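Examining the three-dimensional arrangement
Listed here are the chains, written in short residue letters.
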Amino acid sequence: MANTILVTGGAGYIGSHACLELLQAGYQVVVVDNLANSKLESLKRVQEITGKSLAFYQVDIRDHDALADVFAKESINAVIHFAGLKAVGESCEQPQMYYHNNVYGTLVLTQVMAESNVKQLVFSSSATVYGAAEQVQYTEDLPIGAINPYGRTKAMVEDILRDLSASDSLKPSQSPWKIAVLRYFNPIGAHESGRIGEDPNGIPNNLMPYVTQVAIGKLAQLSVFGDDYPTPDGTGIRDYIHVVDLVKGHIKAIEALQSEKFADGGCKAYNLGAGKGCSVLEIINTFEKVTGRKVNYKMAPRRAGDLAEYFADPALALRELNWKVEKNLEDMAADTWNWQVNNPQGYN
Ligand code: NAD
Ligand code: WQD
């Protein structure tokens, strides 16, 4: 019998890679995306690469009736919920837009899911929900303490999902919610075909797209934000994860939700990261080694809101989802570059 996954935000960077892996793993895929930060071209290419088709609906997840129509037309088994706005700086400037899109959007989605009796959900959360912690290797039991509006939308949605799951005990006659909250560390890279990848609007905020645009000559110089952190080379340390490894974690989460492990329902959070930190200078050096290109950079002051160092403890995902990363930093650099040189203007 078909196992059909509704992917919200499926035309976006991570969502398009998830659609590709889902199709290749034999799932049926239905995408809902309002194309606020993506292009349909990504899904056209996903279908070309896989030789399989998916259903696409240009719908905003906040539109209850349009979303309910999708659930009425398609026979959905589970939802992977990527749709959301994700720029930290923009969320500080326009917090209402972020709360409306990310929090209200998820309320509408879960309402329609409940009305349609679809109760398996994988949610895109972020390591940003941890805020500043004493330890640099984050375990899932650390307190939540997001420090910007974007992060708070993720923390709020997590609370909503935990409350939803907890409410099951008061309604024993209903089927329970089965929810996996996936906290991503720093996703980078692209599919090895070089045909889908990250296509940021305007000047990128994140390190890897900035590095590639400097290497290809679209941007003049990278600013390394801070060389005086208490880290071995003074630059900030993060846990970079290849986007293909990341989306495979979602398939493992779906498998877990549909297995005996979640027979009684529940809402559980998992870190998705490599489990090791890497500095900004290590990223630049690896990128230069793998691509043979120079990255013009200068040292600059710290960026407000940045932490010196954090990375994932991914042991829980290994234990309970049977997932771990398979790709290394060289793969991430090579695949990002392959995408960049083949698509200098992104999907345009
Ligand atoms: P993206 O912007 O490329 O993809 C998000 C997609 O959601 C876009 O296609 C956009 O058009 C769509 N969308 C936004 N609001 C919508 C709405 N109201 N209705 C329908 N569609 C809507 O971003 P991404 O990098 O692929 O991120 C996917 C998810 O993962 C987001 O929820 C993001 O917060 C989360 N996340 C991303 C990162 C990262 O570094 N990229 C890290 C942690 C978590
Ligand atoms: C990585 C490192 C910077 C740009 C962000 C969000 C987080 C999550 C992932 C969604 C840091 C340094 C960066 C540059 C630099 N997204 N840097 N020069 O800040 O770890 O996380 O994306 O959930 O919520 O906050 O990622 O790629 O911006 O930065 O030196 O031009 O690179 O200081 O040390 P970050 P990033």
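**What to know about the domain arrangement of the protein chain**
Under the domain assignment, the protein chain is made up of domain 1 (4-188 + 239-272) and domain 2 (207-238 + 275-342). Summarising the inter-unit geometry, the C-alpha centres of domain 1 and domain 2 are found 25 Å apart. In total, domain 1 and domain 2 occlude about 2800 Å² of area from one another, counting both sides; carbon and sulfur atoms represent 64% of this. Where domain 1 packs against domain 2, one counts one salt bridge.

**Looking at empty space enclosed by the protein**
Using a probe with the size of a water molecule, rolled over the atoms, empty space left in the structure can be pinpointed. Scanning all chains against the criterion turns up one cavity of 30 Å³ or more. Counted as a void, the largest cavity has a volume near 30 Å³. Every residue along the wall of the largest cavity is listed here: H81, A83, G84, N102, T106, F123, K154 and V157. Mapped by element, the contributors of at least two residues to the lining of the largest cavity are α5 (95-115) and α6 (149-166). Along the lines of polarity and charge, the residues of the lining of the largest cavity split into three nonpolar, four polar and one charged.

**Let's talk about α5**
The first and last C-alpha atoms of α5 sit 29 Å apart over 21 residues, in line with the 30 Å expected at 1.5 Å per residue. Largest kink in α5: about 25°, centred on Y104. Buried residues in α5 make contact with β1 (4-8), α3 (64-73), β4 (78-81), α4 (88-93), β5 (120-126) and α6. Downstream of α5 by one or two residues, N117 has phi in the positive range, about 55°.

**A word on the environment of H242**
Take H242: it is sitting in strand β11 (residues 240-242). For H242, a relative accessible area of 1% puts it in the buried group. Sequence separation of H242 and D228 is 14 residues, and the distance between their C-alpha atoms is 27 Å. If we skip the residues at most four places from it in the chain, H242 touches I188, G189, A190, K327, D331, M332 and D335.

**Here we look at the packing of aromatic side chains**
Inspection of the entire model under this criterion finds six aromatic pairs. Relative to Y138, the ring of Y130 has its centre 4.9 Å away and its plane inclined at 65°; by these criteria the two rings are edge-to-face. Overall, the relative accessible area of 1% leaves Y138 in the buried class. Here the aromatic rings of Y138 and F185 are separated by 6.3 Å at their centres, their planes lie at 55°, and the arrangement is tilted. Taken together, the residues Y138 in strand β6 (residues 137-138) and F185 in the loop between β7 (178-184) and β8 (186-188) connect sequence positions 47 residues apart. Of the two residues examined, Y138 and F185, each falls in the buried class.

So, how was this worked out
- Residues numbered from 1 in each chain as written.
- Chains lettered and ligands numbered in written order.
- Predicted model: local features only at pLDDT ≥ 70, side-chain atom pairs only at ≥ 80, totals over all residues.
- Heavy atoms only, no water.
- Domains from an automatic or database assignment.
- Buried area = accessible area lost by both parts, 1.4 Å probe.
- Salt bridge = Lys/Arg side-chain N within 4 Å of Asp/Glu carboxyl O.
- 1 Å grid on protein atoms, 1.4 Å probe; cavity = no way out; pocket = protein on both sides within 12 Å on 5 of 7 lines; lining within 4 Å.
- Points joined across faces, edges and corners; volume = space filled by probe spheres on them.
- Helix = DSSP H or I, 4+ residues; strand = E, 2+ residues; numbered from the N terminus.
- Nonpolar A, V, L, I, M, F, W, Y, C, P; charged D, E, K, R; others polar.
- Expected span 1.5 Å × (residues − 1).
- Bend = angle between axes of the 7 residues up to and from the residue.
- Contact = heavy atoms within 4.5 Å.
- Buried < 20%, exposed > 50% of the residue type's maximum accessible area, 1.4 Å probe, protein only.
- Phe/Tyr/Trp six-rings, centres within 6.5 Å; stacked < 30°, edge-to-face > 60°.

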